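Residue-level structure breakdown
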Amino acid sequence: DRAYLYATHDASPTATNYHMENWWVWASDDLVHWRQVSTLKPTETYFGRPSKDCWATDAISRNGKYYFYFSMGPRNIGVVMGDSPEGPWHDPLGKPLIPEGLSPTEARDPGIFQAADGTGYIVFGTWDYFLANLNDDMISLAETPRRLIVTSPAGPYGPGKLDDKPFLHEHQGKYYLS
């Protein structure tokens, strides 16, 4: 009966250079009125110090736990977990889930997908997208990320070009990458 939104935000409404210092969790009981219910700071993650590179996020629940995935700039993707969709959060790895150099794209902009059988996947990247199966613990990879082949890509930069923040979903037995 409650929706949650996991978001990044510019430090100032007038910012023009993506200065983002933390991640927010918002909640709504009616999808009209929202309230901020928690903040995740980079000091509370493997990063361990302040940053202005708190980029895109995604979250999912599994087996009574909640997993909050985040970009630390274009370099790494981390994960924290909690017993509630609002936190408090703790970093179970003490290092990035997707470290810089694991794939030949920027390690940023995680999208988390959970199949009907409970299997979790992470999709990420810029210009090229990569997909990896997550282990049942949702905090480790079951495989090396694989490049997704996109036929006839079209994004905001025109035909033949992708952008960032890939997202997967399933509808009536078909899988969509957007």
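Everything discussed here concerns the structure shown above.
Along each chain, numbering runs from 1 in the same order as the chain's sequence is written. Whole-chain, interface and lining totals are the exception, using all residues; otherwise, since this is a predicted model, local features are given only for residues with pLDDT of at least 70 and side-chain atom pairs are given and counted only at 80 or more. With hydrogens and water excluded, all non-hydrogen atoms of the structure serve as input to the side-chain values.

1. Thoughts on the sheet that holds strand 10 (residues 146–147)
Put simply, the rule reads: Note on pairing: DSSP must find at least two bridges between two strands before they are called paired. A run of H or I in DSSP becomes a helix once it reaches four residues, and a run of E becomes a strand once it reaches two; helices and strands are each numbered from the N terminus.
The four strands are arranged 7-8-9-10 in an open sheet whose pairing can be described as antiparallel. Both edges of this open sheet fall to strand 7 (111–114) and strand 10, since each of them pairs with a single strand only.

2. Quick word on the pattern of salt bridges
Let me state the cut-off plainly: Each salt bridge in this description consists of a side-chain nitrogen of Lys or Arg and a carboxyl oxygen of Asp or Glu lying within 4 Å of one another. Think of it in three bands: with a 1.4 Å probe and only protein chains considered, a residue is buried below 20% of the maximum accessible area for its type, exposed above 50%, and partly exposed in between.
Taken as a whole, this structure holds nine salt bridges when the rule is applied. Between Asp128 and Arg147 there is a salt bridge whose closest N-O contact spans 2.8 Å. Here Asp128 is found in the loop between strand 8 (120–124) and strand 9 (130–134), whereas its partner Arg147 is found in strand 10, with 19 residues between them in sequence. On the basis of relative accessible area, Asp128 is assigned to the partly exposed category, the value being 26%. Judged by relative accessible area, Arg147 falls into the partly exposed class, the value being 46%. One network of salt bridges, with partners in common, ties together Glu106, Arg108, Asp109 and Asp164.

3. A closer look at the nonpolar core
Generally speaking, a soluble globular protein has its nonpolar side chains buried in company with each other. For clarity, the threshold we go by: In these notes, a set of buried Ala, Val, Leu, Ile, Met, Phe, Trp, Tyr and Cys residues joined through side-chain atoms within 4.5 Å is what counts as a nonpolar core. Contact between two residues is taken to exist if any of their heavy atoms lie within 4.5 Å; hydrogens are not considered.
The biggest cluster of nonpolar side chains holds 17 residues, and the ones touching the most others in it are Tyr67, Tyr69, Leu97, Ile98, Ile122 and Met138. Of all the secondary structure elements, the ones that give two or more residues to this core are strand 5 (65–72), strand 6 (76–82), strand 8 and strand 9. Not counting the four nearest positions on each side in its chain, Ile122 is found in contact with Tyr69, Ile77, Leu97, Ile98, Pro110, Gly111, Ile112, Phe130, Leu131, Ala132, Leu134 and Leu141. Counting residues in each nonpolar core, the second largest holds 14 residues, with Phe47, Trp55, Phe68 and Val80 among its members.

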